[in-house]
Amino acid sequence: MAQDNEQGDWRRAKLAQAREVIMGADPEIVEEAKWRKPSNPAGVPTWSREGIICTGETYKDKVKLTFAQGAALDDPAGLFNASLDGNVRRAIDIFEGDAIDAPALQALVREAVAFNLAKKKR
């Protein structure tokens, strides 16, 4: 799950909260652990539906939700605050004490699902 061995803190709780919001956005979203390696045996939580929606990683100072096609998504609430220079991905860095805007995050997840579904139909 993480790049840090001390997961019993606010980051684990924040990732669990984000997971609940993401999974609640669409009943067909699937969560898998991807990219397992010796330094991260649990892997990276990855949510998908007809393609990756986003991943969730914990770092020393933040939880990062990276949206695979974030640059193509509308983000009216302005949740994206990291990886803004890339052509494809966008991320949300959540720091200790930050609140998760559940309605806005669910809207963004639904936008990502719609993007993936539209891409599949081509």
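The written sequence of each chain sets the order in which its residues are numbered from 1. Restriction of local features to residues with pLDDT of at least 70 applies here, the model being predicted, together with a cutoff of 80 or more for giving and counting side-chain atom pairs; totals for whole chains, interfaces and linings are based on all residues. Note that the side-chain values use all heavy atoms of the structure and ignore hydrogens as well as water.

Student: Teacher, can you tell me more about the overall build of the chain here?
Tutor: In this text, helices come from DSSP runs of H or I with a minimum length of four residues, and strands from runs of E with a minimum of two, each type numbered from the N-terminal end. The helix and strand inventory of the chain stands at two helices and five strands. Counted from the first residue to the last, the chain has its helices and strands arranged as α-β-β-β-β-β-α. Taken against the 2.2 N^0.38 rule, which gives 14 Å for 122 residues, the C-alpha radius of gyration of the chain at 14 Å falls within 12% of a compact globule. Expressed as lengths along the three principal axes of its C-alpha atoms, the size of the chain is roughly 45 × 30 × 30 Å. The buried share among the 122 residues of the chain stands at 43%. Contact definition: two residues touch when any of their heavy atoms are within 4.5 Å. Considering only intrachain contacts with a sequence separation of at least 6, the fraction spanning at least 24 residues in the chain is 52%. Carbon and sulfur atoms provide 49% of the accessible area of the chain, an area that totals close to 6,800 Å². To get the radius of gyration, use the C-alpha atoms; to get the globule rule, take the number of residues to the power 0.38 and multiply by 2.2 Å. Each residue's exposure class comes from its accessible area (1.4 Å probe, protein chains only) as a fraction of the maximum for that residue type: buried when under 20%, exposed when over 50%, partly exposed otherwise. All accessible-area figures derive from a Shrake-Rupley calculation using a 1.4 Å probe, and residue coverage is judged against the displayed protein chains alone.

Student: Can you help me understand the sheet that holds strand E1 (residues 30-34) in this one?
Tutor: Strand pairing is assigned whenever DSSP detects at least two bridges linking the two strands. Taken together, five strands build an open sheet; the order of strands is E1-E2-E3-E4-E5 and the sheet is antiparallel. Each edge of the sheet is formed by a strand with only one pairing partner; in this case those strands are E1 and strand E5 (90-95). Adjacent strand axes in the sheet meet at a mean angle of 20°, parallel and antiparallel pairs treated alike. Here five bridges tie E1 to strand E2 (residues 44-48), and the two strands are oriented antiparallel to one another. Each bridged residue has a counterpart across the sheet, and for Glu32 the counterpart in E2 is Thr46. Here an axis means a line fitted to C-alpha atoms, over the contact stretch when the element is a helix, while the angle between two N-to-C directions is reported on a 0 to 180 degree scale.

Student: Help me out: how do you make sense of the environment of Gly78 in this one?
Tutor: Looking at the secondary structure, you find Gly78 in the loop between strand E4 (62-67) and E5. As a C-alpha pair, Gly78 and Leu108 span 30 residues in sequence and 10.0 Å in three-dimensional space.

Student: What's the story with the packing of aromatic side chains in this structure? I'm lost.
Tutor: The way to describe two aromatic rings as a pair is by their centre distance and the angle between their planes. The aromatic pairing rule takes the rings of Phe, Tyr and Trp, using the six-membered ring of Trp, and pairs them if the centres are within 6.5 Å, calling planes under 30 degrees apart stacked, those over 60 edge-to-face and the rest tilted. Within this structure, the stated rule accounts for one aromatic pair. A centroid spacing of 5.5 Å and a plane angle of 75° characterise the contact between Phe67 and Phe80, whose relative ring orientation is edge-to-face. One end of the pair, Phe67, is in strand E4; the other, Phe80, is in the loop between E4 and E5, with 13 residues separating them in the sequence. As far as burial versus exposure is concerned, Phe67 and Phe80 are alike and both buried. Consider the ring centre and the ring normal. A charge sits over the ring if Lys NZ or Arg CZ is within 6 Å of that centre and within 35 degrees of that normal. Above the face of the Tyr59 ring, Lys62 is positioned so that its terminal group lies 5.6 Å from the ring centre.

Student: Would you mind going over the nonpolar core with me for this structure?
Tutor: Nonpolar side chains in soluble globular proteins generally cluster together in the buried interior. Counting residues in hydrophobic clusters, the biggest one holds 25 residues, and the most contacted among them are Leu65, Phe67, Ile92 and Leu105. Those elements that place two or more of their residues in this core are helix H1 (10-24), strand E3 (52-58), E4, E5 and helix H2 (102-121). Once you skip the residues sitting within four places of it in the chain, Leu105 turns out to touch Val21, Ile22, Leu65, Phe67, Leu79, Ile92 and Ile100. Residue types Ala, Val, Leu, Ile, Met, Phe, Trp, Tyr and Cys, when buried and joined through side-chain atoms within 4.5 Å, form a set referred to as a nonpolar core.

Student: Is there a simple way to think about unusual backbone geometry in this case?
Tutor: Most peptide bonds take the trans form, and the phi angle of most residues other than glycine is negative. In this structure, Trp35 is a non-glycine residue whose phi angle is positive, near 55°. Summarising the element assignment, Trp35 is placed in the loop between E1 and E2.

Student: Where do I start with the pattern of salt bridges in this structure?
Tutor: When their charged atoms lie close together, side chains carrying opposite charge are able to pair. One speaks of a salt bridge when a side-chain nitrogen belonging to Lys or Arg is within 4 Å of a carboxyl oxygen belonging to Asp or Glu. What the rule picks out here adds up to seven salt bridges. Linking Arg11 and Asp9 is a salt bridge whose minimum nitrogen-to-oxygen distance equals 2.3 Å. Looking at Arg11, the relative accessible area reads 2%, which means it is buried. When its relative accessible area of 27% is taken as the criterion, Asp9 is described as partly exposed.

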